[in-house]
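# Structure assessment
The residues making up each chain are set out below.
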Amino acid sequence: MKIFHIVSNKEWGGGEQYVYDLSQRQMADGIDVTIFCKPVEAIMQKYQAAGMKVIPLALGGALDVRSAWKMAKVIDNHSNIHAHNFKDAFTACYARCIARKKKVRVVMCRHLTRKGKNTLLYRWLYRHLDRLIFDSELSKSAFLSTQPTIDEKKLGIVHTSIVVTEIGDRSQESVVRSKYKIPEDCVIGMFHGRLDPEKGLDTLLEAVAQIKERNFRLVLVGRGSEEYTAHLKQVVQEKGIAEKVVFAGFVHPVLPYVASADFGILASTVQEGCPLSPQEYMSQGRPVVVTNNGGQREYVVQEQNGLLVPPGDAKALAEAMARLVDDAALRQCLGQQAKADFDDHLNYDHYYEQIKKIYEE
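Keep in mind it's a predicted model, so treat the numbers as computed, not measured. (Residues numbered from 1 in each chain as written. Predicted model: local features only at pLDDT ≥ 70, side-chain atom pairs only at ≥ 80, totals over all residues. Heavy atoms only, no water.)

## A look at the sheet that holds strand β7 (residues 155–157)
Paired through their backbone hydrogen bonds, the strands of a sheet run either parallel or antiparallel. Stated precisely, the cut-off is as follows: The rule for pairing is simple: two strands pair if DSSP sees at least two bridges between them. In this description a helix means any DSSP run of H or I spanning at least four residues, a strand means any run of E spanning at least two, and both kinds are numbered starting from the N terminus. Only C-alpha atoms enter the line fits that serve as axes; for helices the fit covers just the stretch in contact. Angles between N-to-C directions range over 0 to 180 degrees.
Spatial ordering of the open sheet is given by β3-β2-β1-β4-β5-β6-β7, a layout of 7 strands whose pairing is parallel. A single partner strand is all that each edge strand has here, and the edge strands are β3 (53–56) and β7. Averaged over all adjacent pairs, the angle separating strand axes in this sheet is 25 degrees, with direction ignored. One ladder, built from 4 bridges, connects strand β4 (residues 79–83) with strand β5 (residues 105–110); its direction is parallel.

This is how it looks when you write it as structure tokens:
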């Protein structure tokens, strides 16, 4: 079997890492993997360093026939082309038509919660896709809300997962405490990800202000625009919670930091299809407090492996955080179940087997 992944972003991000992890697993499984990507040196080198074949293409979307012609020269009837957005799916379907290789399968994974388009061009694409896989029930429902003309037998759902690497010496779990001089009896709540308004960070800081008398620290791991980061730091000063909040900046690898936390937080105000940060806490046996408006509600279960709160509700978020700060037994109970759930049906092996079956159909 041959797998051709299409990566068309100009910068390395979550989508590129998703393809990197999946490709590494496929190569370990004896599958021939090739990456089509834009001629961006940093991206090409990352994939090549992992032993992947890379073919640079312009990948200009639905009107870029030249890339499709070049792709058609490479694919054969033993190929699966895996696109990760609709514009690249057009290129894949054009290439199959140009190559006249009907046995080539085109699979697309949809990682966004957006409505489906139903123009003439998109109806053509839907007819030519073999499978359209969503990362959550939420993403599938959003797509179908506009009643796009597509055979629903082609649709599927596979929750995205994370590759959990070994932390090594478990003493690294104290890395945050030692670096920021946080006492052992002080509870650590953590957010990691992009510092962006849609992540609900203003609501999170308001929640911290409401429970600032408790013995805890909030650690913010990640980076954002200079303007928004400055805004967050100003809010921290205005609310008198500077001693409660740590700005850790960008961290790689992030898993030792995650393992240092007592619980994780995702306060997103937008609907995310299958956010992965809660899974990272769960993989380390940490409970999570998450908003109930995204795909995370499909694997975070209230009072079982975490706590769910309405988006933008600082009072509810503060109350949930306070419960975990005050109750070590609750943290342990929820964390144990979080780890069990991750190991049972959220881990990368489970994800990969589902994706593999789609290729082999």
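Let's pick the thread back up.
## Some thoughts on helix α9 (residues 226–238)
This is how it is decided: A helix is expected to span 1.5 Å for every residue after the first. Burial status follows relative accessibility: with a 1.4 Å probe on protein chains alone, a residue under 20% of its type maximum counts as buried, one over 50% as exposed, and anything between as partly exposed. This arc is built from the directions going out from the helix axis to the C-beta atoms. Contact definition: two residues touch when any of their heavy atoms are within 4.5 Å.
An ideal rise of 1.5 Å per residue puts 18 Å on 13 residues; α9 measures up with 18 Å between its terminal C-alpha atoms. Listing the buried residues of α9 in full gives Tyr228, Thr229, Leu232, Val235 and Val236. Here the buried residues of α9 occupy an arc of 115 degrees about the axis, which is enough to place them on one side. In α9, the exposed positions angled more than 90 degrees off the buried face are occupied by Glu226, Glu227, Gln237 and Glu238. Lining the buried residues of α9 we find α8 (201–210) and β10 (245–249). Looking at the residues trailing α9, positive phi occurs at Gly240, about 65 degrees.

## Thoughts on the nonpolar core
For the record, the criterion: What is meant by a nonpolar core is a set of buried Ala, Val, Leu, Ile, Met, Phe, Trp, Tyr and Cys residues, joined one to another through side-chain atoms within 4.5 Å.
Core analysis: the largest hydrophobic core is formed by 63 residues, its most contacted members being Met190, Leu204, Val219, Leu317 and Met321. The next biggest cluster of nonpolar side chains, apart from the first, holds 31 residues, and it includes Leu59, Ala95, Leu129 and Leu132.

## Here's the deal with the packing of aromatic side chains
Two descriptors summarise a pair of aromatic rings, namely the distance from one centre to the other and the angle between the planes of the rings. Threshold: For this analysis, a ring pair means two rings from Phe, Tyr or Trp (six-membered ring only for Trp) whose centres lie within 6.5 Å, classed as stacked if their planes differ by under 30 degrees, edge-to-face if by over 60, and tilted for the remaining angles.
Evaluated as defined, the whole model comprises 15 aromatic pairs. Arranged with centres 6.0 Å apart and planes meeting at 65 degrees, the rings of Phe86 and Tyr126 form a pair that is edge-to-face. One end of the pair, Phe86, is in helix α4 (residues 86–99); the other, Tyr126, is in helix α5 (residues 120–128), with 40 residues separating them in the sequence. Residue classification places Tyr126 among the buried residues on the basis of a relative accessible area of 1%. Seen in terms of ring centroids, Tyr348 and Tyr351 are 5.1 Å apart; in terms of plane orientation they differ by 55 degrees. Their pairing is tilted.

## Thoughts on the pairing of strand β2 (residues 32–37)
Two faces, one strand: in a regular strand the side chains alternate between the faces of the sheet. Note the cut-off: The path from the first strand over the helix to the second decides the hand: if it runs clockwise while the strands point away from the viewer, the crossover is right-handed.
Judged by how many residues are buried, β2 sits mostly within the fold: 5 of 6 residues are covered. Both strand β1 (residues 2–7) and β2 contribute to a ladder of 6 bridges, which runs parallel. Among the inter-strand pairings, Ile6 is bridged to a residue of β2, identified as Phe36. The pairing of β2 with β3 spans 4 bridges and is classified as parallel. When the sheet's bridge partners are listed, Ile35 is paired in β3 with Val54. Handedness of the β-α-β unit built from β2, helix α2 (residues 41–49) and β3 comes out right-handed.

## Looking at the side chain of Glu16
Structurally, Glu16 is set in helix α1 (residues 14–28). Excluding anything up to four places from it in sequence, Glu16 contacts Val7, Asn9, Glu11 and Tyr47.

Keep in mind that these numbers describe shape and distance, not what the molecule does.
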